[in-house]
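Take a look at the letters that make up each chain.
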Amino acid sequence: QVQLVESGGGLVQAGGSLRLSCAASGRTFGSYGMGWFRQAPGKEREFVAAIIWSGGSTYYADSVKGRFTISRDNAKNTVYLQMNSLKPEDTAVYYCAAHRPGKWPRRTAYEYDYWGQGTQVTVSS
């Protein structure tokens, strides 16, 4: 069992930056693939970024490529999402997710096994 807790959300002006963190419990964190998703009001949850268990490979949605960076620190059981050049359309609840070893990258929500509670990111224009 893995428990995930996100933090770092908030209100920021367009063009600004935020760094989200996701702290994980469990000794198997280092073997899990991790991802970030987001969900805006009235919309489906959408994939943002994924990182392989070692941190050696990453994958991004086209909408955030070049602006967001996913990283992880397995010694701290934490995954991060650095978000730069934020736009109003990035406004959403951001969720951290984990999946057991296997296929990578995973870009759909149903492929993930564990989820955090989400953290709100609001970008004002």
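Refer to the structure above for everything that follows.
What comes next is a walk through the structure. This structure is a prediction, so every number in the text was calculated from the model and none was measured.

1. Some details on the side chain of Arg106
Okay, step 1: Locating Arg106 in the fold gives a position in the loop between strand 9 (92–99) and strand 10 (114–115).
Okay, step 2: A distance of 3.4 Å separates a polar side-chain atom of Arg106 from the backbone oxygen of Arg100.
Okay, step 3: Here Glu111 takes part through its backbone oxygen, which lies 3.1 Å from a polar atom of the side chain of Arg106.

2. Describing the state of the cysteines
Okay, step 1: If you walk through the whole model with that rule in mind, you get 1 disulfide.
Okay, step 2: Disulfide pairing places Cys22 opposite Cys96 at an S-S distance of 2.1 Å. One disulfide, between Cys22 and Cys96, carries an S-S torsion of -75 degrees and so falls in the left-handed class. A residue pair is termed long-range when its members are at least 10 positions apart, and Cys22 in strand 3 (residues 18–24) and Cys96 in strand 9 qualify at 74 residues. Comparing Cys22 with Cys96 shows no difference in burial state: the two are buried.

3. Quick look at the nonpolar core
Okay, step 1: Ranked by size, the top nonpolar core spans 35 residues in total, and within it Leu4, Met34, Trp36, Leu81, Met83 and Tyr94 carry the most contacts.
Okay, step 2: Mapped onto this core, the elements with two or more residues apiece are strand 3, strand 4 (33–39), strand 5 (46–51), strand 7 (68–73), strand 8 (78–83), strand 9 and strand 11 (119–124).

Conventions used here
- Residues numbered from 1 in each chain as written.
- Predicted model: local features only at pLDDT ≥ 70, side-chain atom pairs only at ≥ 80, totals over all residues.
- Heavy atoms only, no water.
- Helix = DSSP H or I, 4+ residues; strand = E, 2+ residues; numbered from the N terminus.
- Polar contact = N/O pair within 3.5 Å; in protein donor to acceptor, adjacent residues only side chain to side chain.
- Disulfide = S-S within 2.5 Å.
- Buried < 20%, exposed > 50% of the residue type's maximum accessible area, 1.4 Å probe, protein only.
- Core = buried A, V, L, I, M, F, W, Y, C linked by side-chain atoms within 4.5 Å.

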